[in-house]
Amino acid sequence: MQGPRAPSINANGAIKWANGVSEEMHISASGSTLTFAAPQSIFSAGGITIFSRIDSARNGNCEHYYSEGAVKTRMQICDSGEVTLIVEGQVINVGALAKYVY
C-alpha cells in the first residue's frame, strides 16, 4: 500500500545540506518566500513548507526567513550561498543554495 504522494512544486532552486541530502524548493520572484514540497523530511512530516523572509532582520549579506508552520524554525541565507537552518536557537544543519537556470 502506498502512502499519500508528496505535493509537487515548480522547483527553481535547491539546498544541498552538509549531510548530503538535497531539497528542492521554489524561490518566489521577489525572493520573499521559499516553498518546499517534500515527503517526510527534516522540515515536516510531509507536505508543503513555506519560509517567509523577515524583512526587518536583514543584516549584512544575509536574509532571514521563518517557517510559517513552525515559527521557531528559521533559515539564514547569505549572498555567498551559505544556508543555516536554526531550530529554537540551535543550528541543526548547514548547506549551500543552488538556483536553477533554465
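Everything below is about the structure printed above this text.
Residue numbers restart at each chain and count upward from 1, following the sequence in its written direction. Restriction of local features to residues with pLDDT of at least 70 applies here, the model being predicted, together with a cutoff of 80 or more for giving and counting side-chain atom pairs; totals for whole chains, interfaces and linings are based on all residues. Excluding hydrogens and water, the side-chain figures rest on all heavy atoms present in the structure.

A. Molecular detail of the pattern of salt bridges. Whenever Lys or Arg places a side-chain nitrogen within 4 Å of a carboxyl oxygen from Asp or Glu, that contact is recorded as a salt bridge. Scanning the entire structure with this criterion turns up one salt bridge. With a closest N to O distance of 2.7 Å, aspartate 55 and arginine 53 form a salt bridge. A simple rule labels every residue: compare its accessible area, found with a 1.4 Å probe on the protein chains alone, to the largest value its type can have, and call it buried under 20%, exposed over 50%, or partly exposed in between. Assessed through its relative accessible area of 57%, aspartate 55 is described here as exposed.

B. Examining the state of the cysteines more closely. We call a pair of cysteine sulfur atoms a disulfide when they lie within 2.5 Å. Within this structure, the stated rule accounts for one disulfide. Residue pairing for cysteine 62: its cysteine sulfur links by disulfide to cysteine 78, the two sulfurs lying 2.0 Å apart. Handedness of the cysteine 62-cysteine 78 disulfide follows from its S-S torsion of about 90 degrees: it is right-handed. Highlighted residues: cysteine 62 in strand 5 (residues 62-67) and cysteine 78 in strand 6 (residues 73-78), separated in sequence by 16 residues. The class of cysteine 62 is buried, set by a relative accessible area of 13%. Strands are runs of DSSP state E lasting at least 2 residues, helices are runs of H or I lasting at least 4, and numbering of each runs from the N terminus.

C. Geometry of the nonpolar core. In plain words, nonpolar cores are sets of buried Ala, Val, Leu, Ile, Met, Phe, Trp, Tyr and Cys residues tied together by side-chain atoms within 4.5 Å. Counting residues in hydrophobic clusters, the biggest one holds 12 residues: Ile15, Trp17, Met25, Ile27, Leu34, Phe36, Phe51, Tyr65, Met75, Ile77, Val83 and Leu85. For this core, the secondary structure elements donating two or more residues are strand 1 (13-17), strand 2 (22-27), strand 3 (33-38), strand 6 and strand 7 (82-87).

D. A look at the packing of aromatic side chains. Ring pairs are drawn from Phe, Tyr and Trp, using the six-membered ring of Trp, whenever the two centres fall within 6.5 Å, and their geometry is named by plane angle: stacked under 30 degrees, edge-to-face over 60, tilted for the rest. All chains considered together, the criterion is met by one aromatic pair. For the pair phenylalanine 36 and phenylalanine 51, a centre-to-centre distance of 5.8 Å together with 75 degrees between the ring planes defines the contact as edge-to-face. In this pair, phenylalanine 36 sits in strand 3 while phenylalanine 51 sits in strand 4 (residues 47-53), placing the two residues 15 residues apart along the sequence. On the basis of relative accessibility, which here comes to 0%, the residue phenylalanine 51 falls in the buried class.

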